[in-house]
Amino acid sequence: MVQVWRPVRYPVVDPRNYGAKCDGTTDDTAAFTAAIASLGSSARRRIALPPTAEGLLKITSTLQINTRGLVIEGERGSRPAQEGGSQISYTGTGPLFQLDEDNGNPHSDADYDGVQGFTLKGVELRHTAPATALGNGQGNYKAGSYGIRDWRGGDIHLERVRFENFEYGFWGVQSDINRFINVEAFYNNVACYLGPRSDQAMLTGWYAFYNDTVLHLDGVLVTRVRDGQFVGNGTNTLYPIKIGTSWSRGSQGIVFDGTWWEHFQGYNGVVPAFVSIGDGDSVASTDIAFRDNWISCDAQTETRRVTYFVE
């Protein structure tokens, strides 16, 4: 007798079944929290978000995630109207998603006991409250806001996700072994910050447009950035990519492979460089590799020589 394998049916909930109005004006925070709580602590719990054609979720305060293995999945649409894609509109201060809680211990304690296995797919996260900070004309973001804030967790999977108008799109400390695939970032202060002990990350297929800083790697090991497109980021005083450290080991084993770099001449000055290595720190960052990368300028600036990186 042939045994036929069938996938496991994990619990799936729709926030609308817990009172979410999804009308873009009603506060759906309590309904979303109830939907998360209804799944308990079982492995691979899943929340299905409606496309905007059926409703727009409005969240006004932080969604706290304290259990592992939560999957939130929507339908990918195009910017800016999403054209049927799933979107969460956030109006609060602080994180939209907070993974675990800061226990006050320093990152050097290496107490890797936070929430792991968080997955977000096919969703746009956008801060829609009036901006309180403008990053020299590039980022147009709400000060103090985060799309996702992770403390000592990691094993985070982002796929077909967009961050827009946050001070930090993704922020993580001790957030290691993450996979961020086909992520888009628009008008953020910092699209992605990976802090100390956030090692072994893979960022593939990123598209970043008009962020003050796309990626800040701060005391990390073995991070690979592949097939990204970084367009119009940075200012005349800010670097699109910063590799530095707030920890004595430095940042090591960073690879940029097959990445497109582009900036617009005349828009808020010329970026001093696409990549800053060291970021003004006295601690050395080592083993930084660039492979098969491309640099582009505006047609009007064909004769301008662009600095690739500074150290």
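Caption draft 1: Summary view of the pairing of strand S18 (residues 213–218). The buried fraction of S18 is high, at six of six residues. Where strand S15 (residues 190–194) lies against S18, four bridges are found, and the strand directions are parallel. Bridge pairing links Tyr-193 to His-216 in S18. Bridge count for S18 against strand S21 (residues 241–244) is four bridges, and the pairing is parallel. Along S21, the bridge assignment pairs Asp-218 with Gly-244.

Caption draft 2: Spatial organisation of the nonpolar core. Formed by 59 residues in total, the largest nonpolar core has its most connected members in Phe-32 and Phe-97. Among the elements that line this core, the one with the most residues is helix H1 (residues 29–38), at four residues. When residues no more than four places from it in sequence are discounted, the contact partners of Phe-32 are Pro-15, Ile-47, Leu-49, Leu-57, Ile-59, Leu-63, Ile-72, Ile-88 and Phe-97.

Caption draft 3: Molecular detail of the packing of aromatic side chains. Within this structure, the stated rule accounts for 19 aromatic pairs. Each ring, one from Tyr-207 and one from Phe-209, has its centre 6.5 Å from the other, and the planes form 10°; the classification is stacked. An angle of 10° between the planes, with centres 4.3 Å apart, marks the rings of Phe-209 and Tyr-210 as stacked. Tyr-210 matches Phe-209 in its accessibility class, with the two residues each being buried. One aromatic cluster in this structure is built from Phe-186, Tyr-187, Tyr-207, Phe-209 and Tyr-210. The ring centre of Tyr-146 lies 5.7 Å from the NZ or CZ of Arg-149, which sits over that ring.

Caption draft 4: Structural view of the pattern of salt bridges. Scanning all chains against the criterion turns up eight salt bridges. Of the charged contacts in the structure, one is a salt bridge between Arg-16 and Asp-14, with a shortest N-O distance of 2.7 Å. By relative accessible area, which is 16% here, Asp-14 ends up buried. One salt bridge connects Arg-126 with Glu-164, and the closest N-O pair in it is separated by 3.5 Å. Residue Arg-126 is found in strand S8 (residues 119–127), and its partner Glu-164 is found in strand S11 (residues 157–164); the two are separated by 38 residues along the sequence.

Caption draft 5: Here's a closer look at the confidence of the model for the chain. Mean pLDDT over the chain stands at 81; residues scoring 70 or higher make up 78%. Long-range and interchain partners of residues 297–311, a stretch whose pLDDT sits below 50, account for 33 contacts in this model, where long-range means more than four residues apart.

Caption draft 6: The arrangement of H1 in detail. The complete set of buried residues in H1 reads Thr-29, Ala-31, Phe-32, Ala-35 and Ile-36. One or two steps after H1, the chain reaches Gly-40, where phi turns positive at roughly 65°.

Caption draft 7: Quick look at the environment of Glu-159. Structurally, the position occupied by Glu-159 is in strand S11. On a C-alpha basis, the gap between Glu-159 and Lys-121 in space is 4.8 Å, while along the polypeptide they are 38 residues apart. When neighbours within four sequence positions are excluded, Glu-159 is seen to be in contact with Leu-120, Lys-121, Gly-122 and Ile-181.

Caption draft 8: Spatial organisation of the side chain of Asn-211. Tracing the chain through its elements places Asn-211 in the loop between strand S17 (207–209) and S18. For Asn-211, a relative accessible area of 0% puts it in the buried group.

Thresholds applied
- Residues numbered from 1 in each chain as written.
- Predicted model: local features only at pLDDT ≥ 70, side-chain atom pairs only at ≥ 80, totals over all residues.
- Heavy atoms only, no water.
- Buried < 20%, exposed > 50% of the residue type's maximum accessible area, 1.4 Å probe, protein only.
- Helix = DSSP H or I, 4+ residues; strand = E, 2+ residues; numbered from the N terminus.
- Pairing = 2+ DSSP bridges.
- Core = buried A, V, L, I, M, F, W, Y, C linked by side-chain atoms within 4.5 Å.
- Contact = heavy atoms within 4.5 Å.
- Phe/Tyr/Trp six-rings, centres within 6.5 Å; stacked < 30°, edge-to-face > 60°.
- Lys NZ or Arg CZ within 6 Å of the ring centre and 35° of its normal.
- Salt bridge = Lys/Arg side-chain N within 4 Å of Asp/Glu carboxyl O.
- pLDDT = per-residue confidence, 0-100.

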